[in-house]
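Tertiary structure, described
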Amino acid sequence: MKEKLMMNEFWLRPPIFRKNSAKLWRSYLKKNKTMTSLLLFLFLLLLSLLSFAGCFDLAKYTSHSYKKVAAPTIQPQVLEFPLDCAAWNKSNTCPRNYPTSYKPLNPNYNSTCPEYFRWIHEDLKPWKETGITREMLDKAKRHAHFRLIILDGKIYVEKYNTKKFIQTRHLYTMYGIVQLLRWYPGKLPNLEIMFDTDDRPVVRSKDYRQPNSGPPPLFRYCSDWHSLDIVFPDWSFWGWAETNIRPWRSVIKDMKEGNKRRKWKDRVPFAYWKGNPHVSPIRKDLMKCNVTDKNNFDTLLYVQDWVDQSKKGFKESDLANQCTHRYKIYVEGWAWSVSEKYILACDSPTLYVRPRYHDFFMRGMIPQHHYWPIRDNDKCRSLKFAVQWGNNHTHQAEAIGKAGSNFIHEDMKMEYVFDYIFHLLNEYAKLLKFEPKVAADAVEICSESLACTSDGIWRKFMEEALEKSPSYTNPCTLPPPYEPQQLKSFVEHKIKATQQVEAWEDEYWRNLNKQQI
């Protein structure tokens, strides 16, 4: 039962195995000293030639900085296309001055997408054999807030008023897809999707176990092991105006600077969390772990009152100023929480309370490497041990914090967020068994129709998140699906890593109890 619960959690990548050939190589070197010198000379010569040619960057592997010497190239003139609100206000129609195609600067350059992109194949697997029919799509309507159509390079939206919208999630999600169209003009296929902007998944796999049961394809921000909802990057990548959180490009830049203000070893040696505890029982339970006169679980937990913060101009909720503690706690809210990526970006080990839900990127992260797993049924003692372990193993703890943060800053940069959506929509479109069409009540949307009709901070964030010109690189290359054995190895690796932490934790408390007797 315990391992089954863990399997429900660990939808992450498999371990990377390395062949241990060091001993054989050292034995060979001792026996062949002359050959060793010759090989070393040839290796250094080849390395120098590659570095000079710009094919190999020595700076990545040494403490010295090398400047690449590359043949001069003529940089294309980047034309920018800002918002044209004057045209929109005049005709209430989307401007047609934006490029409908783009030319990559280096069409021969191809990078492979991060490992977590492989989950695109898993998320779409329920429709791999049958494809997606219009009947399946229409079944998703009862859960959806809107239908989004891409047809011949234009985007249309049909809103459904049967469900109440949560703040402006739907608008910023639409805006994000519009920006993808500006980033890769002419590259998106014709398609129709249904989108639900609520928190929890609703397409239960147990309801669609028959071969021809036809589950409805429904996009949302998170899912879980028991659901078939298709995960999609959340709205806050283009800004969350209601909480004053800027678009992702700006946020990670600010947080990178914030991380420099205080070295990890100089940060407060406790676990920190700040949020709304009233949205779920698991968060209310977390608050019991706070420091009191009787108990000290090495945690500092604070209630975030967003209404009060809005009155104060959000002066106390700047994300870049919250990387001041050695450890940051992540705990889910009503479902998965937007706070996840901001917590992981702090260069501090994330103490990750066992989740039920997953978003699109978390499945690429590994316990003990990117984060530290925390029990959900014994949080206080689990958090206490994590902080004690980290303060007694500072090099390892700091490395975990840095690895998690690097993942967010590098594998989750905005270019990859766009690439993830690009590949997700392209793979989805391949499954459609019908010709997309514009619904009768659908209207065309564009940057102007969304931003120019907004006011205040909502418009400010849309202007900040605007892609003013197309990309000059191709999308990264989507890696292939996991083989069944790879998934099995992945689950086993995750389970073992977590069980090892729990074994250390159990031993810590047994020893402590013995000392108190």
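Refer to the structure presented above.
Residues numbered from 1 in each chain as written. Predicted model: local features only at pLDDT ≥ 70, side-chain atom pairs only at ≥ 80, totals over all residues. Heavy atoms only, no water.

1. What to know about the state of the cysteines
- On inspection of all chains with the given rule, the structure shows five disulfides.
- Bridging C113 to C476, the disulfide has an S-S length of 2.0 Å. Across the disulfide from C113 to C476, rotation about the S-S bond amounts to roughly 100 degrees, and the bridge is consequently right-handed. With C113 in the loop between α4 (85-91) and α5 (119-124) and C476 in the loop between α16 (456-464) and α17 (484-516), the pair connects residues that are 363 residues apart, well separated along the chain. (Disulfide = S-S within 2.5 Å. Helix = DSSP H or I, 4+ residues; strand = E, 2+ residues; numbered from the N terminus.)

2. Details of the nonpolar core
- Counting residues in each nonpolar core, the largest one holds 106 residues, and the members touching the most others are Y116, F117, I193, F219, F361 and Y428.
- In terms of residue count, the dominant contributor to this core is helix α14 (residues 414-429) (11 residues).
- The next biggest cluster of nonpolar side chains, apart from the first, holds 24 residues, and it includes F297, L351, V353 and I374. (Core = buried A, V, L, I, M, F, W, Y, C linked by side-chain atoms within 4.5 Å. Buried < 20%, exposed > 50% of the residue type's maximum accessible area, 1.4 Å probe, protein only.)

3. Examining the sheet that holds strand β12 (residues 372-374)
- With parallel pairing, five strands are arranged side by side in an open sheet as β8-β7-β9-β10-β12. A single partner strand is all that each edge strand has here, and the edge strands are β8 (299-303) and β12. Going across the sheet, the axis of each strand differs from the next one's by a mean of 30 degrees, ignoring polarity.
- In terms of strand pairing, strand β9 (residues 325-330) meets strand β10 (residues 350-353) through three bridges, oriented parallel. When the bridges of β10 are listed, K328 appears paired with T350.
- Each of β7 (268-275), β8, β9, β10 and β12 touches helix α12 (residues 379-392); the most contacted strand, β12, lies at about 155 degrees to it. (Pairing = 2+ DSSP bridges. Axes fitted to C-alpha atoms, helices over the stretch in contact; angles between N-to-C directions. Contact = heavy atoms within 4.5 Å.)

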